[in-house]
Amino acid sequence: MSGIVNDQAKPEDSEEVIADVAGENGEGVKKKKKKKKKKKKKKANTTDESGEQAKSADDKSNSSKVCAVATPSNDDKATIENAQVPEWTCISCKKPATMRCPTCRKLGVPVELSMFCTQQCFKDNWTTHKQFHKMYKQSMNGASVATPASSSSDDLSTGFKPTMSDLELPPEFRNYMFTGAYRPARVTPMRTVPPHIAKPDYADDGIPHSEMRERGNRRAPVRTPDEIRRLREVCRLGREILDTTGKAVKAGVTGEELDRVCHKATIERGGYPSPLNYHNFPKSVCVSPNEVICHGIPNCRPLKNGDIVNLDVTIFKDGVHADLNETFLIGDVDDDHVKLVKNAYDCLQVAANMVKPRTMYRDLGTAIHKKAVECGFQVVKTYCGHGIGTLFHTAPNVPHYKKNKAIGIMAPGHTFTIEPMINAGNWRDTTWPDNWTAVTVDGKWSAQYEQTFLVTQTGVEVMTGRIGEDKYRLPDWKREWFQR
């Protein structure tokens, strides 16, 4: 989980409101209809009759308009309901809706659960809505359907299946102008941790008291041999947890399910999931799809084919934290976004290659910036890498952009994260009303990779590196590691 850059204020001119998905007007060209007059009438009567005919023709034209919808199959095409003024709202984005799913109509689904505002909205939500069809059929046949109560269960034997109520837009997002296509959904209650698991000081009240006491300290601590020994073990466990959670990534899986997997894997290893209740963060892992830069709260919305998603895992055990994250490709990701994901890894790699005694922390940002812009991408400036060990976030700050004001020089025994966030468009970010989810201001996608590093006498140790790879260097990117 990234820290916040202290020396970089957000620019005043950053744009936080971008137009949402455009609605479709469905308007056609009105054609004049000519009718032969059978008899001549008085001038006044002719004028009245002509007006009534024109109005009738308009009403007939409006009631017979049909809008074809691009959908995954030929049998599923949405049509506009016969209403000049929409009486329903879209089940996805809550905009006025005039299009009803034809499969829902056949199944007898209530109108209020089957309306969409545009063909694009229908297409974007097809994966989720198709699952709703299956659940509705089961309910009609007497089979049990997942409910909000069962959604928050800690039983991990079966995958989480969201209901339509799970996918409704949370109240705090009503009238919010999203920058991109990704939407929030219901967030289930915070999970519990068994009493025998050692917890950080913020586990109960959400306040990291130890970190707050160290806030004024800008000098990176030198880890003792015992701290380094414990860190190595906990970093190994963190890698196992990320690998386990990453294997669950696929089209149709929800952030809620990924949180379950991560939470369970952490508890099984005797650790505490560090994000849980850190400054009141409600989940055990950060799940950040597409235009979400970082700190995405896992929710009930399924991921789709073609998405990218970052999983940020941190574990606390034996008095120390280990932090790492990776971005995964789900199904058929287009070439431009594959290029973005690889560049984020390459940016981490060029910085990792610089880690050794006497390197200035501020110089990492220059190398990262150069690697990003040569591929046409931008580096996020609001969030940064950070020191890690007995505290989740501590000195040093590790900004990822050029001309930063980071303080300090690397020395043996320093432990910290490098986690560049690379945007396909503008580098600026904005935060959702949940006060956590950071997204791009233009809705374009973002990717990130993170590792925990130790400065050794001669260079670097990648403490959270992939199992079986050289731990003294970051290996070249391989798509098969992250393709799902």
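What counts as what
Residues numbered from 1 in each chain as written. Predicted model: local features only at pLDDT ≥ 70, side-chain atom pairs only at ≥ 80, totals over all residues. Heavy atoms only, no water. Helix = DSSP H or I, 4+ residues; strand = E, 2+ residues; numbered from the N terminus. Expected span 1.5 Å × (residues − 1). Buried < 20%, exposed > 50% of the residue type's maximum accessible area, 1.4 Å probe, protein only. Axes fitted to C-alpha atoms, helices over the stretch in contact; angles between N-to-C directions. Parallel < 35°, antiparallel > 145°, perpendicular 65-115°, else oblique. Left-handed = near helix turned anticlockwise from the far one by under 90°. Contact = heavy atoms within 4.5 Å. Arc of directions from axis to C-beta. Core = buried A, V, L, I, M, F, W, Y, C linked by side-chain atoms within 4.5 Å. Pairing = 2+ DSSP bridges. Phe/Tyr/Trp six-rings, centres within 6.5 Å; stacked < 30°, edge-to-face > 60°. Lys NZ or Arg CZ within 6 Å of the ring centre and 35° of its normal. Salt bridge = Lys/Arg side-chain N within 4 Å of Asp/Glu carboxyl O. pLDDT = per-residue confidence, 0-100.

A. Structural context of helix 9 (residues 335-352). Taking 1.5 Å of rise per residue, the 18 residues of helix 9 would be expected to cover 26 Å, and the 26 Å separating its terminal C-alpha atoms lies within 8% of that figure. Across the 18 residues that make up helix 9, a large majority, 13, are buried.

B. Spatial organisation of the packing of helix 9 against helix 10 (residues 361-373). Closest axis-to-axis distance for the helix 9/helix 10 pair is 9 Å, and the angle between their directions is 150°. With respect to helix 10, the element helix 9 is oriented roughly antiparallel. In the packing of helix 9 onto helix 10, the handedness of the crossing is right-handed. Contact with helix 9, carried on its side by Asn 343, Asp 346, Cys 347, Val 350 and Ala 351, involves Leu 364, Ala 367, Ile 368, Lys 371 and Ala 372 of helix 10 and no other residues of that element.

C. The arrangement of unusual backbone geometry in detail. Ala 395 connects to Pro 396 through a cis peptide bond whose omega is 5°. With respect to the helices and strands, Pro 396 occurs in strand 14 (residues 394-398).

D. Quick peek at helix 10. Every buried residue of helix 10 is accounted for by Tyr 361, Leu 364, Gly 365, Ile 368, His 369 and Ala 372. Buried residues of helix 10, seen end-on, are gathered within an arc of 130° and therefore sit on one face of the element. The elements touched by buried residues of helix 10 are helix 9, strand 12 (378-379), strand 14, strand 15 (415-418) and strand 16 (421-423).

E. Examining the nonpolar core more closely. Counting residues in each nonpolar core, the largest one holds 64 residues, and the members touching the most others are Phe 416, Ile 418 and Ile 422. Each residue touching Ile 422, except ones within four places of it in the same chain, is listed here: Leu 340, Asn 343, Ala 344, Cys 347, Ile 368, Ala 372, Phe 377, Gln 378, Val 379, Trp 445, Ser 446 and Ala 447. Counting residues in hydrophobic clusters, the runner-up holds 20 residues, among them Ala 97, Cys 101, Val 111 and Phe 116.

F. Quick peek at the sheet that holds strand 19 (residues 446-448). In spatial order, the strands read 12-16-19; together these 3 strands make up an open sheet with antiparallel pairing. Both outer strands of the open sheet, strand 12 and strand 19, are each paired with one neighbouring strand and no more. Pairing of strand 12 with strand 16, which is carried by 2 bridges, proceeds in the antiparallel orientation. Bridged to Gln 378 within strand 16 is Asn 423.

G. Representation of the packing of aromatic side chains in the model. Counted under the stated rule, the structure contains 19 aromatic pairs. Look at Phe 173 and Tyr 176: their rings are 6.1 Å apart centre to centre, the planes differ by 85°, and that puts the pair in the edge-to-face class. Of the two residues examined, Phe 173 and Tyr 176, each falls in the buried class. With a centroid separation of 5.9 Å and an interplanar angle of 10°, the aromatic rings of Tyr 182 and Trp 432 are classed as stacked. Taken together, the residues Tyr 182 in the loop between helix 5 (148-151) and helix 6 (209-213) and Trp 432 in the loop between strand 17 (429-431) and strand 18 (438-440) connect sequence positions 250 residues apart. Overall, the relative accessible area of 4% leaves Trp 432 in the buried class. Put simply, the rings of Phe 328, Tyr 345, Tyr 449, Trp 477, Trp 481 and Phe 482 pair up and form one aromatic cluster. For Lys 381, the ring lying beneath its charged end belongs to Trp 427, and the centroid distance is 4.5 Å.

H. Expanded view of the pattern of salt bridges. Within the structure shown, the criterion is met by 19 salt bridges. Residues participating in the shared-partner salt-bridge network are Arg 191, Glu 256, Asp 259, Arg 260 and Lys 283.

I. Just the environment of Cys 235, in detail. Along the polypeptide, Cys 235 turns up in helix 7 (residues 225-247). Residue Cys 235 is classed as buried on the basis of its relative accessible area, which comes to 0%. C-alpha of Cys 235 to C-alpha of Asp 323: the two residues are 88 residues apart in sequence and 7.4 Å apart in space. In contact with Cys 235, other than residues within four places in its own chain, are Ala 322, Thr 452, Met 463 and Thr 464.

J. Representation of the pairing of strand 15 within the structure. Along strand 15, one buried face is formed by Thr 415 and Thr 417 and the opposite face, lined by Phe 416 and Ile 418, is buried too. Bridge analysis of strand 15 against strand 20 (residues 451-455) gives 4 bridges, and the strand direction is antiparallel. Each residue of the ladder has a partner; that of Ile 418, found in strand 20, is Gln 451.

K. Molecular detail of the confidence of the model for the chain. Residues with a pLDDT of 70 or more make up 78% of the chain, whose mean pLDDT is 82. A low-confidence stretch, residues 8-86 stays under pLDDT 50, and its non-local contacts, those more than four residues away or across chains, total 89 contacts. Confidence drops under a pLDDT of 50 for residues 142-158, and excluding neighbours within four residues, the segment shows 29 contacts in the predicted structure.

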